[in-house]
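# Structural features, examined
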Amino acid sequence: MKICLSVNRHIIGKDIGAIARHNDGYVNMTLSLDEIAGAIQLGWAIAHVLKGPRRSENVVSANFLAVDIDEGLTIEDALTDPFTPAHAGFLYTTVSHTSDLHRFRIFFPLDVPLTSREDIRLAQVGLSARYGGDLAATDAPRLFAGSKDCRLEMIGMSLPPGEVEKLIQLGREKLQSRRLSVSTGVQGSVRSRNSVPV
């Protein structure tokens, strides 16, 4: 399995200064899952395929989705969720992970790329809602920071188009419910508190 994505070797881990300085340092590559995992374990940042500096109008396609889990689930919970072994490429701990507070990311290669920035965003929102992940980390030009020497669980699967369509629909529903809660005055959280089976 080969995946097209952008890699930035100048951003190591979650270095905010480097992220700002090297926003144009992304290089589009076609890599295997093992090569992507290796880049992440070197701390390198990844993003969707770009045609210039990392910003929304330069996103060409998404050949993967990823979800950030910062609370609620443990790694073991995620690994035993049937969706993960059926569709994830790998799972890795992020730089702020501890044994008491599990923080990790699940990487899902796509069988068919997404080329609409709106579909990318909706699929990311749907995936985050599915796992109770960070809904703030769902924009199309999102960078996914590497995590030097992280724990990485290789799974080796991918997401077929039918599952991606379900995530896009779930993302659309999640955003509509958030808009409704804002219009009715009910406060919602940025994070999705409850995972939703797909």
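Rules used throughout
Residues numbered from 1 in each chain as written. Predicted model: local features only at pLDDT ≥ 70, side-chain atom pairs only at ≥ 80, totals over all residues. Heavy atoms only, no water. Helix = DSSP H or I, 4+ residues; strand = E, 2+ residues; numbered from the N terminus. Expected span 1.5 Å × (residues − 1). Buried < 20%, exposed > 50% of the residue type's maximum accessible area, 1.4 Å probe, protein only. Pairing = 2+ DSSP bridges. Contact = heavy atoms within 4.5 Å. Axes fitted to C-alpha atoms, helices over the stretch in contact; angles between N-to-C directions. Phe/Tyr/Trp six-rings, centres within 6.5 Å; stacked < 30°, edge-to-face > 60°.

## Re helix α5 (residues 117-131)
Between its first and last C-alpha atoms α5 spans 21 Å; for 15 residues at 1.5 Å apiece the expected length is 21 Å, and the two agree. Among the 15 residues of α5, eleven are classified as buried, and the element is accordingly described as predominantly covered. Among all positions of α5, only Ile120, Leu122, Ala123, Gln124, Val125, Gly126, Leu127, Ser128, Ala129, Arg130 and Tyr131 are buried.

## Section: the sheet that holds strand β6 (residues 90-93)
Strand order in this open sheet of five strands is β4-β5-β7-β6-β8, and the pairing throughout is antiparallel. The open sheet has two free edges, formed respectively by β4 (49-50) and β8 (152-154), since each of these has just one partner strand. With four bridges joining them, β6 and strand β7 (residues 104-114) adopt antiparallel strand pairing. Considered in β7, the bridge of Phe90 is made with Phe107. Its contacts with the sheet put α5 on β5 (59-69) and β7, and the angle it makes with β5 is roughly 15°.

## Description of the packing of aromatic side chains
One pass over the structure, following the stated rule, counts seven aromatic pairs. With centroids separated by 6.0 Å and ring planes inclined at 45°, the aromatic side chains of Phe108 and Tyr131 adopt a geometry described as tilted. Of the two residues, Phe108 is situated in strand β7 and Tyr131 in helix α5; the sequence distance between them amounts to 23 residues. On the basis of relative accessibility, which here comes to 0%, the residue Phe108 falls in the buried class.

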